[in-house]
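As a plain string of letters, each chain reads:
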Number of protein chains: 2
Amino acid sequence: MKKSVLFFAAVLCALQGFARNEVSQISVNYPITPVPFTSVKVDDGFWNARLQASRDVTIPLAFRKSEETGRIDNFVRAAHPSADNKLPQYQYDDSDVYKVIEGAAYSLQTYPDKRLERYVDSLITLIVAAQEADGYLYTARTCNPTKIHPGTGKTRWEGEEGGSHELYCFGHLAEAAVAYWQATGKRALLDATIRFADCICREVGPNPGQAMVIPGHQGIELAMVKLYLATGKKEYLDEVRYFIDYRGKTKTKWEYIQSHKPVADQTEVVGHAVRAMYLYSGVADLAALTGDENYIHIIDRLWDNIANNKLYITGGIGATANGEAFGKNYELPNETAYNETCAAIGLTFLNQRLFLLHGESKYIDMLERTLYNGLLSGVSVEGNSFFYPNPLACHGGYERSEWFGCACCPSNICRFIPSLPGYVYAVKDKTVYANLFLSNRATLDVAGKQVVLSQQTGYPYDGDIAFTVEKTGQKAFDLAIRIPGWVKNKPVPSDLYTYADNERPSYEVRVNGQPVKGDEAKGYLHLNRQWKKGDKVSVHFDMPVRTVKANPQVKADNGMVCFERGPIVYCAETADNPKGVFTYALPKRPHVEQTYPTNLFGGKQVGIRVAAQHLSLDGEGYVKTERDHLTLVPYHLWDHRGAKQMKVWFPQGTKEIEAVE
Amino acid sequence: MKKSVLFFAAVLCALQGFARNEVSQISVNYPITPVPFTSVKVDDGFWNARLQASRDVTIPLAFRKSEETGRIDNFVRAAHPSADNKLPQYQYDDSDVYKVIEGAAYSLQTYPDKRLERYVDSLITLIVAAQEADGYLYTARTCNPTKIHPGTGKTRWEGEEGGSHELYCFGHLAEAAVAYWQATGKRALLDATIRFADCICREVGPNPGQAMVIPGHQGIELAMVKLYLATGKKEYLDEVRYFIDYRGKTKTKWEYIQSHKPVADQTEVVGHAVRAMYLYSGVADLAALTGDENYIHIIDRLWDNIANNKLYITGGIGATANGEAFGKNYELPNETAYNETCAAIGLTFLNQRLFLLHGESKYIDMLERTLYNGLLSGVSVEGNSFFYPNPLACHGGYERSEWFGCACCPSNICRFIPSLPGYVYAVKDKTVYANLFLSNRATLDVAGKQVVLSQQTGYPYDGDIAFTVEKTGQKAFDLAIRIPGWVKNKPVPSDLYTYADNERPSYEVRVNGQPVKGDEAKGYLHLNRQWKKGDKVSVHFDMPVRTVKANPQVKADNGMVCFERGPIVYCAETADNPKGVFTYALPKRPHVEQTYPTNLFGGKQVGIRVAAQHLSLDGEGYVKTERDHLTLVPYHLWDHRGAKQMKVWFPQGTKEIEAVE
């Protein structure tokens, strides 16, 4: 079957004769303009391996899995509806294919690959063929006119709020279509998306004759904003506004999908974490694009709730498997932490948008924490296996899987990793924001003129970053370098976590070898000057090992500390600590015995050894203590050496050891 | 105001001229007949102090509190309805007064007290005066024709399922009325109750013109059964059947009140624990009185769920304060255990009824566990302060209170303690069941003839019980002595808890000094013989200290053990362990260093000292261990020496001490 599908696709593709168009730059209207992934060429010691694994392993794997699990066949069946057609396993299976295409698009832009592009083109042919005449595109309904998928409801939109995911699938279609058009200039998928978008705008909304439903799984909001930015069609932005303004006012009031009350009245992030992130990213988009103070107020309040009450030290969110949801304020259990990989990706979307709105570094600080810890843990170094939940402690037996029935996480990794270059820089007027630190060469549009900047760094394990100004079409510009929260002694932009040691990293910036003192504002050091080609900016961040304490209201972390170095959160695994990792106690003032370079995981890392006490039992079963040490490795690298024990937080003898209850 | 109320009551009382009638024996139709409290005179080293505290302190205190808090005035106001009358604080305030009267009735029967009886008579005069012409009696509605109490709903019964407690108040009225009639022969309250019962049977039910509601707070079910047994009016039993058969089929489907599904479909005990116990006691009544296999099946299944999944080692139930409810299966946290005193009392009701239905000792085993631990902890030795929740661990600051706004627990203690004599014996044909062990003299009706039996014992701290046959109107009878679960190596009638030691108590029974081997059946040792006056039966139960383990699925107790001796569960308190009780670990095989008699709490008790290891921290904050011991006292006596730390379960070194997480 697989072969025939691809043959069928190839034939259709040949018949339609796609022409390769020029890449079009979309017009963006955020207060701050992100420098698109198309303009940043990454060549980095840390990220190259990840980007390569993404294009060589993850994306091909996800396409293969999509074929094997019938996700591609669904489109073929929908192109030929029949009462004999079987239905997709999940009503949202289309979305996985779209997400992998989106990832392929980002990857193709950076690493052109004719074979991959041809394959995607044939998939697009299949997808377009599955579209109904009026633009509606949703294989779970279209493929069989007589059978109703249990997830979809009888007619279009009717089951949307209950979980039909029609609008959700559109969302991922739109993100894929815009990305593929950006990367290749090809419009076939974009045009199909526009037809579907127009169908939605006609059929779904608050007006008589329309289905007054809101998305049962959010995602369309931010995607339709992208389509608006790509096409300039204002009705798309209006539709997004409808989706957000009417949420909580239609029939289904349900905390799980954040429709328990109008968005304007929501002050606490609750319910399904991924849905929440996609919704709030859409609200942030509306806030950024419209400047409407109401949306800004809503989204700032909700972000504060995450930062103050619901964020794991790894930047993960969503404390509970029960509804894949946020827990209560300060409910952040470690071993049962859900921390879905998709939710981490969604939080990254939200933080990027809030940065583009407010220009404050705290959003990128949280984004960086998520990126290097709770998000990156979601995929193996090899790119071939994935975590759905990302707990902070494990008694063993839990490991990454090659795929999941509900495959949202692998397909989200497919699209996120190759999109990374789009998070490095942003520009506002003549200010260039350097948000992420990784070796790359970027071509920036600064007030209409081209500036080329390169970065060389061993970040995140090394705190030295060298910027070189390679082209100065614009000479006068303000290079705004993010001074990370961990340098400013704030692990997170709140009091949820604090540093428990007396270390205080300092930093130093030199221009052409001379120390400079720029102005610090909103977390950025501004170097506003006349630049010339060849100018060098050297940034040095101290990277001591830090111990972190949680707010006492986080019961799960009471009496415990964890370790960080730079943006990296550490954990202990059985592989390095054969006595297991649940039987160690730390002294009142944890001290680092050693940091050491290692390449255990096929790259360069820094390991840590801290003094600790090992507790065991004597023959009678009484506690026996001995001086020992704990070896720590980066959290995102756990579970590369067997599915054994792992732990991030360690008990510390600073109070009565009531934890023995 | 108080004075005038009592004066008014005394006048009314004099006018009505109560005649003292003979005590009537109610006709009971359970498969097994309980020997009523009126026939068992207790004179016991353990219970005398409790019974005396009940009549000298608790009941007078509860009457005084009922006056001070306006609960008596409510009846005066209802007798003179006015738009100016203030409303009761809680819509169910009447019920507390009824419960204290019920307790006073039991107490009066055993210890006649003219002054108390006169006082109760005046209260009854007030209560009867508050009754509406058609029998309806509920001060929260009657007292003011213009104001509606927020808890009651606009018209009769309309708010019942939401919480108006009209039927609940009737329930406690009926229990008080039957008890007072049994104790004194006076019918005034009973007649008023019958008028109210007839009003309910007319107005509430499934027929056209009736309010088809079920009780929002159960309690009427078992009470109306009592009224049926007292009056023989079958319509009361029919009404109970309606309440049970229609629960889950009326408008309000709500787990909290066990109306989420029909009772016949309920397989797990959920929601508000007290409501559940009152309901299931009613179901057990119906099962016992009708012999209907369906009810028997329902109630057996639900009891199994408690025994297997939801029972604390103290015999308490209701794991969570959230809704005063049962937790999930095996969800039995210690420090946050709710274990409402009223729920323990309700469980006792249920177990007594299931024993009367099935004649198996396991119900009395559970009843005894609750009685001596999780129920008795609800009231101080002095009888003047009360626990509402009864946790199994405490970090300090929690103590008994003199009263509560919602006063269900003190008033329930008022009625339970003096009713204890009714739980000692039961009779079926020529079998006499000896269920509880305490010194008493009981007059039993055995197949229509009088048998007088006495018990002398130092139980629960001493395992020797001496029965003497004092009168043998019936010579041939079968004395069935309960062999407690803890003697048969089963702390509870399930695998929820097991003994973790190798002790195995034995027991011995002698008749007139000669060892006998009776038949054991359903947990009872049967001595079926021709008895003569003066025959002596000596029972000896070994009482070693036992260590108990919870089923591994009870996460809260993982890696921990607790201690029992006889029916008594032990705890450690700061008063005996000044280093606190949260910093001790036990060896693999906990060993008792000493058991010792003590009279710390104004009676005779047995204390326990076990070997333990104390954990503390050295200057660096590393764990320091030292050999030490833990001193344990009976759980029900905790919090008599300051509101400090208390703990029942202790961590034990039998596995990797993962508890340090």
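Everything below is about the structure shown above.
Novice: Describe in detail the packing of aromatic side chains, supporting the description with residues and values.
Specialist: Following the criterion strictly, the structure yields 66 aromatic pairs over all chains and no others. Geometrically, the ring pair formed by A:Tyr242 and A:Tyr246 is tilted, given 4.9 Å between the ring centres and 40° between the ring planes. Placement of both A:Tyr242 and A:Tyr246 in helix H10 (residues 234-246) is noted, with a separation of four residues, approximately one turn of the helix. Judged by relative accessible area, A:Tyr242 falls into the buried class, the value being 5%. What makes A:Tyr246 partly exposed here is its relative accessible area of 28%. The interplanar angle of 80° and the centroid separation of 5.4 Å between the aromatic rings of B:Tyr136 and B:Trp157 together place this pair among those described as edge-to-face. With B:Tyr136 in the loop between helix H5 (114-129) and helix H6 (139-142) and B:Trp157 in the loop between H6 and helix H7 (166-184), the pair connects residues that are 21 residues apart, well separated along the chain. B:Trp157 carries the same exposure label as B:Tyr136, and that label is buried. Members of the aromatic cluster, joined through ring pairs, are A:Phe46, A:Trp47, A:Tyr372, A:Phe437, A:Tyr459, A:Tyr461, A:Trp486, A:Tyr507 and A:Phe541. A cation sits over an aromatic face here: A:Arg156 above A:Tyr136, 4.0 Å from the ring centre. Between B:Arg546 and the ring centre of B:Tyr499, over which it is positioned, the NZ or CZ distance is 3.9 Å.

Novice: Describe in detail the interface of chain A and chain B, supporting the description with residues and values.
Specialist: Listed as interface residues are 40 residues of chain A and, on the opposing side, 40 residues of chain B. Of the roughly 3300 Å² buried between chain A and chain B, counting both surfaces, carbon and sulfur atoms make up 55%. On inspection of chain A and its partner chain B, the count reaches four salt bridges. Applying the counting criterion to the chain A and chain B interface returns eight residue pairs in polar contact (both at pLDDT 80 or more). Where the side of chain A that touches chain B is concerned, the elements lending two or more residues are strand S3 (393-395), strand S21 (605-617), strand S22 (623-634) and strand S23 (645-647) of chain A. The biggest single contributor to the side of chain A that touches chain B is S21(A), with six residues. For the side of chain A that touches chain B, the class distribution of residues is 16 nonpolar, twelve polar and twelve charged.

Novice: Mind laying out the packing of helix H11 (residues 273-290) of chain B against helix H12 (residues 293-310) of chain B, listing which residues take part and the relevant values?
Specialist: All names here are of chain B. Between H11 and H12, the least distance of the axes is 8 Å, while the angle of their chain directions is 140°. The angle between H11 and H12 places the two elements in the oblique class. The two elements H11 and H12 cross, and the hand of that crossing is left-handed. Here Met-277, Tyr-280, Val-283, Ala-284, Leu-286, Ala-287 and Thr-290 of H11 come into contact with H12, specifically with Tyr-295, Ile-296, Ile-298, Ile-299, Leu-302 and Ile-306. Its residues assigned to classes, the contact of H11 with H12 shows twelve nonpolar, one polar and no charged.

Novice: So what's going on with the sheet that holds strand S11 (residues 507-511) of chain A? Which residues, and what values?
Specialist: All names here are of chain A. The seven strands are arranged S2-S6-S7-S8-S15-S11-S12 in an open sheet whose pairing can be described as antiparallel. Pairing within the sheet leaves two strands with one partner each, and these edge strands are strand S2 (40-42) and strand S12 (514-515). In the sheet, S2 pairs with strand S6 (residues 440-446) via three bridges, with the strands oriented antiparallel. Its bridge partner lying in S6, Val-40 is registered against Ala-442.

Novice: Mind laying out the relation of the copies chain A and chain B, listing which residues take part and the relevant values?
Specialist: Note on the identical chains: chain A maps onto chain B by a rotation of 179° and an axial translation of 0.1 Å, with an RMSD of 0.1 Å. Both chain copies can therefore be described as sitting about a two-fold axis. Take the interface residues of chain A: 100% of them recur as interface residues in chain B, which is what a same-surface contact looks like.

How each quantity is defined
Residues numbered from 1 in each chain as written. Chains lettered and ligands numbered in written order. Predicted model: local features only at pLDDT ≥ 70, side-chain atom pairs only at ≥ 80, totals over all residues. Heavy atoms only, no water. Phe/Tyr/Trp six-rings, centres within 6.5 Å; stacked < 30°, edge-to-face > 60°. Helix = DSSP H or I, 4+ residues; strand = E, 2+ residues; numbered from the N terminus. Buried < 20%, exposed > 50% of the residue type's maximum accessible area, 1.4 Å probe, protein only. Lys NZ or Arg CZ within 6 Å of the ring centre and 35° of its normal. Contact = heavy atoms within 4.5 Å. Buried area = accessible area lost by both parts, 1.4 Å probe. Salt bridge = Lys/Arg side-chain N within 4 Å of Asp/Glu carboxyl O. Polar contact = N/O pair within 3.5 Å; in protein donor to acceptor, adjacent residues only side chain to side chain. Nonpolar A, V, L, I, M, F, W, Y, C, P; charged D, E, K, R; others polar. Axes fitted to C-alpha atoms, helices over the stretch in contact; angles between N-to-C directions. Parallel < 35°, antiparallel > 145°, perpendicular 65-115°, else oblique. Left-handed = near helix turned anticlockwise from the far one by under 90°. Pairing = 2+ DSSP bridges. Least-squares fit on C-alpha atoms with pLDDT ≥ 70 in both.

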